[in-house]
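Chain residues, written in single-letter form:
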Amino acid sequence: MTVNMTKGQAISLQKSDGGTLTAVRMGLGWQAAPRRGLFGSRTREIDLDASAVLFADKQPVDVVFFRHLVSDDGSVKHTGDNLVGGAGSGGDDEAILVDLQRVPVHIDQIVFTVNSFTGQTFQEVQNAFCRIVDETNGQELARYTLDGGGQYTAQIMAKVHRAGSGWQMTALGNPANGRTFQDLMPSILPHL
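The structure presented is a predicted model; accordingly, all values stated were derived computationally and were not measured. Think of each chain on its own: its residues are numbered from 1, step by step along the sequence as written. In view of the model being predicted, local features appear only for residues whose pLDDT reaches at least 70, and side-chain atom pairs are presented and counted only at 80 or more, with totals across whole chains, interfaces and linings using the full set of residues. Side-chain numbers come from the whole structure's heavy atoms, not from hydrogens or water.

### Remarks on the pattern of salt bridges
The following threshold applies: Throughout this description, the term salt bridge denotes a Lys or Arg side-chain nitrogen within 4 Å of a carboxyl oxygen of Asp or Glu. Using a 1.4 Å probe on the protein chains alone, a residue whose accessible area is under 20% of its type maximum counts as buried, one over 50% counts as exposed, and one in between counts as partly exposed.
All told, the structure shown has five salt bridges when counted by the stated rule. Its salt-bridge partner being R131, residue E140 comes within 2.8 Å of it at the nearest N-O pair. On the accessibility criterion, R131 (13% relative accessible area) is buried. Linked by salt bridges that have partners in common, R25, D92, R131, E135, E140 and R143 make up one network.

### Looking at the nonpolar core
What counts, and what does not: Side-chain atoms within 4.5 Å link the members of a nonpolar core, which is a set of buried Ala, Val, Leu, Ile, Met, Phe, Trp, Tyr and Cys residues. Runs of E in the DSSP output that reach at least two residues are strands. Runs of H or I that reach at least four are helices, and both are numbered from the N terminus.
In this structure, L13, V76, V98, I110, F112, I132 and M169 are the most contacted members of the largest nonpolar core, which totals 40 residues. Put simply, the parts of the chain that give this core at least two residues each are β3 (23-32), β6 (48-56), β9 (94-99), β10 (109-116), β11 (125-134), β12 (139-145), β13 (154-163) and β14 (166-176). Element by element, the count of residues in this core is highest for β3, at five residues. In this structure, V53, V111, A154 and A176 belong to the second largest nonpolar core, which totals 14 residues.

### Concerning the environment of S187
Here is the rule: By definition in these notes, contact holds between two residues if any of their heavy atoms fall within 4.5 Å.
Residue placement: S187 occurs in helix α1 (residues 181-188). Expressed as a C-alpha distance, the spacing of S187 and A154, which sit 33 residues apart in the sequence, is 10.0 Å. Apart from residues lying up to four places away in sequence, S187 is in contact with I156 and A176.

### A closer look at the pairing of β12
Selection rule: Between any two strands, at least two bridges found by DSSP are needed for them to pair.
In terms of residue burial, β12 counts as a mostly covered element, since five of its seven residues are buried. Here β11 runs beside β12; their pairing, made up of six bridges, is antiparallel. Its bridge partner lying in β12, V133 is registered against E140. Adjacent in sequence and paired antiparallel, β11 and β12 are bridged by four residues, among which G138 carries a positive phi angle near 80 degrees.

### Side note on the packing of aromatic side chains
Our working rule: When the centres of two rings from Phe, Tyr and Trp lie within 6.5 Å, Trp using its six-membered ring, the rings pair. Their planes under 30 degrees apart give stacked, over 60 give edge-to-face, and anything left gives tilted.
If you walk through the whole model with that rule in mind, you get four aromatic pairs. The interplanar angle of 80 degrees and the centroid separation of 5.5 Å between the aromatic rings of F66 and F117 together place this pair among those described as edge-to-face. Taken together, the residues span a long stretch of sequence, with F66 in the loop between β7 (59-64) and β8 (76-78) and F117 in the loop between β10 and β11 at a distance of 51 residues. Classification of F66 as partly exposed rests on a relative accessible area of 21%. Its relative accessible area of 21% is what places F117 among the partly exposed residues. Grouped by ring-pair contacts, the aromatic residues F65, F66, F117 and F181 constitute a single cluster.

Pasting the structure below:
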């Protein structure tokens, strides 16, 4: 059963039978919003990029994004860059796989971001979402819908963090500006 998350909400990443999740996928989907023009409505391709920044004691130690598809330890993998979007409320346009059992013990948080590499704002995006899926069986566990457009080019979407012997996901949904994950670091740090 999927939990539709709200900004700031946290959920445990534990299976419904009480077992521990071993692998999750953070999926991202979006569509270009139609724009009214002189000759009717049209859409432009939107290139959003998903990134995962791995932290240890509030210090960034690794990142996974379209130019570095696998974390140095191999526990986090990006499935590849989608330059146009299109899945919207359906499947994932970009995904980042996290093997929770392989994440080194010193990594305590993984923050997921999305940014417009081309600088287009979220006013040009519709049906954007991120979701957590149990990678072992394909079951969607949680979904966070990125509501409304805005004059920002990025969003600090969610974080997966250690909680006791397991993991939790917290929906963040904070707008930011930047074309790369490096540009977003000042906006990420307050959420650690």
